[in-house]
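Each chain, written out:
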Amino acid sequence: MTAAIIDGKAIAATLRGKVAGEVARLKRDHGVTPGLAVVLVGNDPASEVYVRSKSKAVVEAGMAPCDFKLPATASEQEVLALVARLNADPAVSGILVQLPLPPQIDSQKVIAAIDPMKDVDGFHPVNVGRLSIGLPALAPCTPTGCVMLAKSARSSLAGLEAVVIGRSNIVGKPVAQLLLAENATVTIAHSKTRDLPDLCRRADILIAAIGKPELVRGDWLKPGATVIDVGINRVAGEGGKSKIVGDVAFDEARNVAGAITPVPGGVGPMTIACLLLNTVRAACALNKLQAPSV
Ligand code: NDP
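What counts, and at which threshold
Residues numbered from 1 in each chain as written. Predicted model: local features only at pLDDT ≥ 70, side-chain atom pairs only at ≥ 80, totals over all residues. Heavy atoms only, no water. Near = heavy atom within 4 Å. Polar contact = N/O pair within 3.5 Å; in protein donor to acceptor, adjacent residues only side chain to side chain. Areas by Shrake-Rupley, 256 points an atom, 1.4 Å probe, with all protein chains shown as cover. Helix = DSSP H or I, 4+ residues; strand = E, 2+ residues; numbered from the N terminus. Salt bridge = Lys/Arg side-chain N within 4 Å of Asp/Glu carboxyl O. Axes fitted to C-alpha atoms, helices over the stretch in contact; angles between N-to-C directions. Parallel < 35°, antiparallel > 145°, perpendicular 65-115°, else oblique. Left-handed = near helix turned anticlockwise from the far one by under 90°. Contact = heavy atoms within 4.5 Å. Pairing = 2+ DSSP bridges. Domains from an automatic or database assignment. Buried < 20%, exposed > 50% of the residue type's maximum accessible area, 1.4 Å probe, protein only. Core = buried A, V, L, I, M, F, W, Y, C linked by side-chain atoms within 4.5 Å.

## Here's the deal with the site of the ligand
Line of reasoning, step 1. Around the ligand, the structure places 22 residues, and the nearest of them are R167, S168, S191, I232 and T271.
Line of reasoning, step 2. With respect to the ligand, the backbone of H190 contributes an N or O atom lying 3.5 Å from a nitrogen atom.
Line of reasoning, step 3. At a separation of 2.8 Å, an oxygen atom of the ligand approaches a polar side-chain atom of T271.
Line of reasoning, step 4. In isolation the ligand offers 930 Å² of accessible surface; the protein chains occlude 70% of this area.
Line of reasoning, step 5. Counting residues per element, the shell around the ligand draws most heavily on helix α10 (residues 267-286), at three residues.

Given below as structure tokens:
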């Protein structure tokens, strides 16, 4: 079997187009322009690249960007004061504080200070709680993207066995909650899980969010499984150059899986598209307007 490739780039482009349509509708019919405030503290190069691509995507979707850069020496009080200002600003529909934060700043304290209605990363305890009890919530972007990709390969996830490898608060746990909400039967695996290969062989849907290059081998997969590879790992490539690989050994897996996301070009592009979607959702909720249909 050769797996179908789940084209995250194309699916994300379609989603971004729909979001741009919703933004245009909000402006035209309600005079509302969704605005995303991105707060970057310090100069972590990976964060800087990510923040730049978010801001570009925000502009392309027709939203108002609003970027804040604080020095690496900024105090927790300064960051909290900025968050309070953004919470009170009606032009700001979504607030994203780029993680990781410098060590003098307590990330959990900053996340908890964001208005849950503007928490487009979906990390605030209120949104985490709402997601877990099945209430409407701003759900984290990468997990939302993972489930959209899985649903692009299987129209319904109901009753399917889903195995999520990874239990982080930003990917593993929320993706498990979202799969549960789709009525999948969900197992969460982690570094202490016994016989991981055997567990994976049960999975109709396998989500790998580990951060270990090509840990998941082809013979760990159930034939026909849908494989969503969240991992982003930089490894040595040919000619001394580095390359990015996922958590799944793609060349082996594509001979067994029914559908698989590539790395890059799978989950990655969905994260920003879902961030834009969350910003539009937040703008609708803040203005008591109907949520977008996407
Ligand atoms: P974390 O390091 O926070 O979590 C990794 C998880 O993998 C942990 O739960 C850990 O278990 C588990 N794990 C580690 N080693 C093993 C093992 N040998 N067997 C089974 N489980 C194991 O990572 P994140 O969740 O933040 O990210 C995971 C990957 O996804 C990374 O490569 C990251 O770069 C990528 N990522 C990609 C995004 C995108 O947009 N495409 C967005 C976010 C992340 P334990 O809890 O026991 O330690």
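## A closer look at the pattern of salt bridges
Line of reasoning, step 1. Within this structure, the stated rule accounts for 11 salt bridges.
Line of reasoning, step 2. One salt bridge connects K69 with E48, and the closest N-O pair in it is separated by 3.4 Å. With K69 in strand β3 (residues 64-70) and E48 in helix α2 (residues 45-60), the pair connects residues that are 21 residues apart, well separated along the chain.
Line of reasoning, step 3. Beyond isolated ion pairs, a larger network of salt bridges with shared partners links R16, K56 and E60.

## Comments concerning unusual backbone geometry
Line of reasoning, step 1. In this chain, L99 is followed by P100 through a cis amide linkage whose omega measures 0 degrees.
Line of reasoning, step 2. One can find P100 in the loop between β4 (94-97) and α4 (107-113).
Line of reasoning, step 3. The linkage connecting V263 with the following residue, P264, adopts the cis geometry, with an omega of 0 degrees.
Line of reasoning, step 4. Its location among the elements puts P264 in the loop between β11 (259-260) and α10.
Line of reasoning, step 5. Backbone geometry at N183 places phi at a positive 70 degrees, although glycine is not the residue there.
Line of reasoning, step 6. Unlike most non-glycine residues, K288 shows phi in positive territory, near 55 degrees.

## Describing the packing of helix α6 (residues 141-153) against helix α7 (residues 172-181)
Line of reasoning, step 1. Here α6 crosses α7 at 40 degrees, and the two axes come no closer than 8 Å. With respect to α7, the axis of α6 lies oblique. Our pair here, α6 against α7, has a crossing hand that is right-handed. Contact residues: P143, T144, C146 and V147 in α6; P174, V175, L178 and L179 in α7.

## A short note on the sheet that holds β4
Line of reasoning, step 1. Spatially, three strands are ordered β3-β2-β4 in an open sheet, and the strand pairing comes out parallel. The open sheet has two edge strands with one neighbour each: β3 and β4. Put simply, the sheet's adjacent strands are angled 15 degrees from each other on average, direction ignored.
Line of reasoning, step 2. Summarising the sheet, strand β2 (residues 35-41) and β4 pair through four bridges and their orientation is parallel. By the bridge assignment for β4, V38 is matched with L96.

## A closer look at the domain arrangement of the chain
Line of reasoning, step 1. As assigned here, the chain comprises domain 1 (30-115) and domain 2 (141-269).
Line of reasoning, step 2. Placing a centre on the C-alpha atoms of domain 1 and another on those of domain 2 gives a separation of 29 Å.

## A word on the packing of helix α1 (residues 8-30) against α10
Line of reasoning, step 1. Two elements in contact, α1 and α10, have axes separated by 8 Å at closest approach and are oriented at 20 degrees. When the interaxial angle is binned, α1 and α10 end up roughly parallel. Crossing handedness for the pair α1 and α10: left-handed. Mapping the contact onto sequence places G8, K9, I11, A12, L15, R16, V19, E22, V23 and L26 in α1 and P269, M270, I272, A273, C274, L276, L277, V280 and C284 in α10.

## As for the sheet that holds strand β7 (residues 205-208)
Line of reasoning, step 1. On the basis of which strands lie adjacent, the open sheet formed by six strands has the order β1-β11-β8-β7-β5-β6 and parallel pairing. A strand with exactly one partner marks an edge of an open sheet, and here the two such strands are β1 (4-5) and β6 (185-189).
Line of reasoning, step 2. Here β1 pairs with β11 via two bridges, running parallel. What sits directly across from I5, in β11, is I260.

## Points about α7
Every α-helix carries 3.6 residues per turn, so stepping three or four residues along brings you back to the same face.
Line of reasoning, step 1. When α7 is considered as a whole, its buried residues turn out to be G172, P174, V175, A176, L178 and L179.
Line of reasoning, step 2. Its buried side turned inward, α7 meets α5 (125-132), α6, β5 (161-165), β6 and β7.
Line of reasoning, step 3. One or two steps after α7, the chain reaches N183, where phi turns positive at roughly 70 degrees.

## Some details on the nonpolar core
Line of reasoning, step 1. Among the nonpolar cores identified, the biggest contains 53 residues, and V19, M63, L179, I207 and I228 are the most heavily contacted of them.
Line of reasoning, step 2. Every element with two or more residues in this core is listed here: α1, β2, α2, α6, β5, α7, β7 and α10.
Line of reasoning, step 3. Tallying contributions element by element places α10 first for this core, with 12 residues.
Line of reasoning, step 4. Counting only domains with at least three residues in this core, you end up with domain 1 (30-115) and domain 2 (141-269).

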